Amino acid sequence: MSRCDFRQISSMWVRKWLSENRRECYGHYSTLLNELKIEDDKAFFNNTRLPRGLYDEVLRRVEGRIEKKDTWYRKSLPPGLKLSITPRHLASGDNYPSLFYNFRVAPNTISLIINEVCDAIKEFAAEVIQCPTTTEEWTAIAEQFEKRWQCPHCCGALDGKHVAVTCPWNTGSEYRNYKGFFSIVLMALVDADYKFLWIDVGSDGSSNDASIYNGSELKEGLESPNNIFNLPEEKSLPGDDVPVPYYIVGDNAFGINKSPMNPFPIRNMEHHDRIFNYRLSRARRVVENAFGILAHKFRVFLRTMNQRPGTCRKIITTCVILHNLIGLRYPATHNNMMDLEEQNLNVIPGAWRNDKVLLDVYHERARNTGTQEGRQIRRYLGHYFTSKAGSVPWQDKMIL
C-alpha cells in the first residue's frame, strides 16, 4: 500500500474537526491560550494556575521528555499543547471529555499526556520538596516558626488529608474512608511559609494518621536514636535555662513524644494547658492553610478523581511540586489565600475557606499512646508560654 493510499484511508477514521489543521485554527491552545499569553497575564494564571514566566520555565525543562518524533503519516502533538492540557486539568478538575472538546485531542490521548507530563514534572521534585537533613536547615525552619507563629523550636507542622477517588477496580472497601467515600491520603510536613517539606501520597482511605506516620521514613528519621536527620541539639528557650528539644507539631492522631508534639486533651484543662493549645494551634494552622491553598489553586482536589490510583498519586505529587515552585518563584500569589491575623486579633479567613475543604484523616481507632518524656516537655512548654519570658500579649484574650 502506498503512502497516498494510507492517507486516503486514514482520512476516513480521523474526524475532520480533530485534524491537525482544525486544532491549530480553533483549539484552545492555539487560540485562547495564545491570546491570554499576549494580552492578559492574570487570566493566563487563572487558566493554568501557573504564572506565565513559570509556565515557560517548566516547558523549557520538560519539553525534551514529552516531545515525540513526527512519523510519515502523522505529526506529533507539540510539547506546549501537552503542557497546557495538564495544568488545565489540575486547575479546573475538568474531565477528559471536556478537555477533548476544548483542546481537540482525543480522551485516550489526554490520559496518556497527563501521565507523561506528570512524570516529566517530577524532575523538579528533588529541587522543591526537600526534607531537611542538616542542623542548619532545621534551625532556619524553627526560627521562621518562632518569628511568624511564636512557636519556638518547632520544625514543621504535620497532618493528613483525604483526596476523593472513584473506587479502584477489585479493591472492595480498601479505599473506603470513615466518611463513606473512596479516597487516598496525602500526608505532609509543612514549614512556616506553607512549603511542603515532605509528603507521603497514596495510602488507602481506610488508613489513619497514626498508622501512616508510624510506617513512614519521617518518623524513623525524627525519632532515630542516631539522629539521622541531624535535628539541632536541645537548647534552652529565651529567658529560661531548661533545655528543650526541637519538635514538629500535629493533632491528637500522633502520640505525644519529643516529636511530634500534640495538644492537651480538652477535658479538665487548666489555664496554661489552654494557652499551650492556642499557641500550638497557631503553628498547626500552617499545614491546614497549605492544604487549603493547594486545593483552592488546583480544583482537581475538590472533585472525585476518576483515574487509577497510580495516576492519582502522580497528579497529587505534581500539584504539590507546582505549589512549591509557585511559592518559591512568586510568593505573593499565596497572600490572599491564607488566614491572616490583624493587629486587633481578628482572624481574616483565607480565600480557600470558601471552598469545600479536604477532610482530615480519621485517627480515633489507632491513637498513639505517647511517652512520659513527651508529656513532660508539653507540660513545661505550657508553663513557659504563660511566663513573662514566653507569653505573647494577646494570648489570654484568644482563649476566652
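Residues numbered from 1 in each chain as written. Predicted model: local features only at pLDDT ≥ 70, side-chain atom pairs only at ≥ 80, totals over all residues. Heavy atoms only, no water.

- The name an unreviewed UniProt entry gives the chain is DDE Tnp4 domain-containing protein, with Champsocephalus esox as the organism.
- In its Sequence similarities (unreviewed entry) section, the UniProt record describing the chain reads: "Belongs to the HARBI1 family."
- According to its UniProt record, the chain has this under Subcellular location (unreviewed entry): "Nucleus". (UniProt positions renumbered as here; feature names shortened; annotations may be inferred.)

## Remarks on the side chain of R282
(1) Moving on: As for its position among the elements, R282 is in helix α13 (residues 271-297).
(2) Moving on: In terms of polar contacts, R282 uses its side chain to reach the side chain of Q150, at 2.3 Å. (Helix = DSSP H or I, 4+ residues; strand = E, 2+ residues; numbered from the N terminus. Polar contact = N/O pair within 3.5 Å; in protein donor to acceptor, adjacent residues only side chain to side chain.)

## Observations concerning the environment of A106
(1) Moving on: As for its placement among the helices and strands, A106 is situated in the loop between α7 (96-103) and α8 (107-121).
(2) Moving on: Here A106 falls in the partly exposed class, since its relative accessible area comes to 23%.
(3) Moving on: Along the chain, A106 and L18 lie 88 residues apart, while their C-alpha atoms are 8.0 Å from each other. (Buried < 20%, exposed > 50% of the residue type's maximum accessible area, 1.4 Å probe, protein only.)

## Details of the nonpolar core
(1) Moving on: L158, F196, F301, M305 and L381 are the most contacted members of the largest nonpolar core, which has 107 residues in total.
(2) Moving on: Per-element tally for this core: the top contributor is α13, with twelve residues.
(3) Moving on: Look past the residues within four positions of F196 in its chain and what remains in contact with it is V128, I129, A188, L189, V190, A290, F291, L294, V320, H323 and N324. (Core = buried A, V, L, I, M, F, W, Y, C linked by side-chain atoms within 4.5 Å. Contact = heavy atoms within 4.5 Å.)

## Describing the pattern of salt bridges
(1) Moving on: Under the definition given, this model contains twelve salt bridges.
(2) Moving on: R61 is the partner of E57 in a salt bridge, and the nearest nitrogen-oxygen pair spans 3.9 Å. You can see E57 and its partner R61 sitting in helix α5 (residues 52-66), four residues apart, about one turn around the helix.
(3) Moving on: The partly exposed category is assigned to R61, whose relative accessible area is 30%. (Salt bridge = Lys/Arg side-chain N within 4 Å of Asp/Glu carboxyl O.)

## Re unusual backbone geometry
(1) Moving on: Although it is not a glycine, R104 sits at a positive phi angle of roughly 60°.
(2) Moving on: Tracing the backbone through its elements, the reader meets R104 in the loop between α7 and α8.
(3) Moving on: Given the relative accessible area of 17%, R104 is considered buried.
(4) Moving on: Here N230, not a glycine, exhibits a phi torsion of approximately 60°, which is positive.
(5) Moving on: Mapped onto the elements of the fold, N230 is located in the loop between α12 (217-222) and β4 (235-236).

## Concerning the sheet that holds strand β3 (residues 196-204)
(1) Moving on: Strands sit in the order β3-β2-β1-β6 across an open sheet of four strands; the sheet is mixed. Each edge of the open sheet carries a strand with a single partner, namely β3 and β6 (247-249). Averaged over all pairs of adjacent strands, the angle between strand axes in this sheet comes to 25°, irrespective of strand direction.
(2) Moving on: On top of the sheet, helix α10 (residues 135-149) reaches β1 (154-164), β2 (183-190) and β3; it is set at about 85° to β1, its chief contact. (Pairing = 2+ DSSP bridges. Axes fitted to C-alpha atoms, helices over the stretch in contact; angles between N-to-C directions.)

## Describing the packing of aromatic side chains
(1) Moving on: According to the stated counting rule, one finds eleven aromatic pairs in the structure shown.
(2) Moving on: An angle of 40° between the planes, with centres 4.7 Å apart, marks the rings of F100 and Y101 as tilted.
(3) Moving on: Taking relative accessible area as the criterion, Y101 reaches 55% and is therefore assigned exposed.
(4) Moving on: Judged by centre distance (6.1 Å) and plane angle (55°), the rings of Y384 and F385 are tilted.
(5) Moving on: In this structure, R176 is placed above the aromatic ring of F182, and the distance from its NZ or CZ to the ring centre is 5.8 Å.
(6) Moving on: The ring of F385 has R279 sitting right over it, with the charged end atom 4.2 Å from the ring centre. (Phe/Tyr/Trp six-rings, centres within 6.5 Å; stacked < 30°, edge-to-face > 60°. Lys NZ or Arg CZ within 6 Å of the ring centre and 35° of its normal.)

## Description of the environment of G156
(1) Moving on: Within the fold, G156 resides in strand β1.
(2) Moving on: For G156, a relative accessible area of 0% corresponds to the buried category.
(3) Moving on: As for G156 and L189, which are separated by 33 residues in sequence, their C-alpha atoms are 6.0 Å apart.
(4) Moving on: In this structure G156 touches I141, F145, L189, V190, Y247, I248 and V249, once residues within four positions along its chain are discounted.

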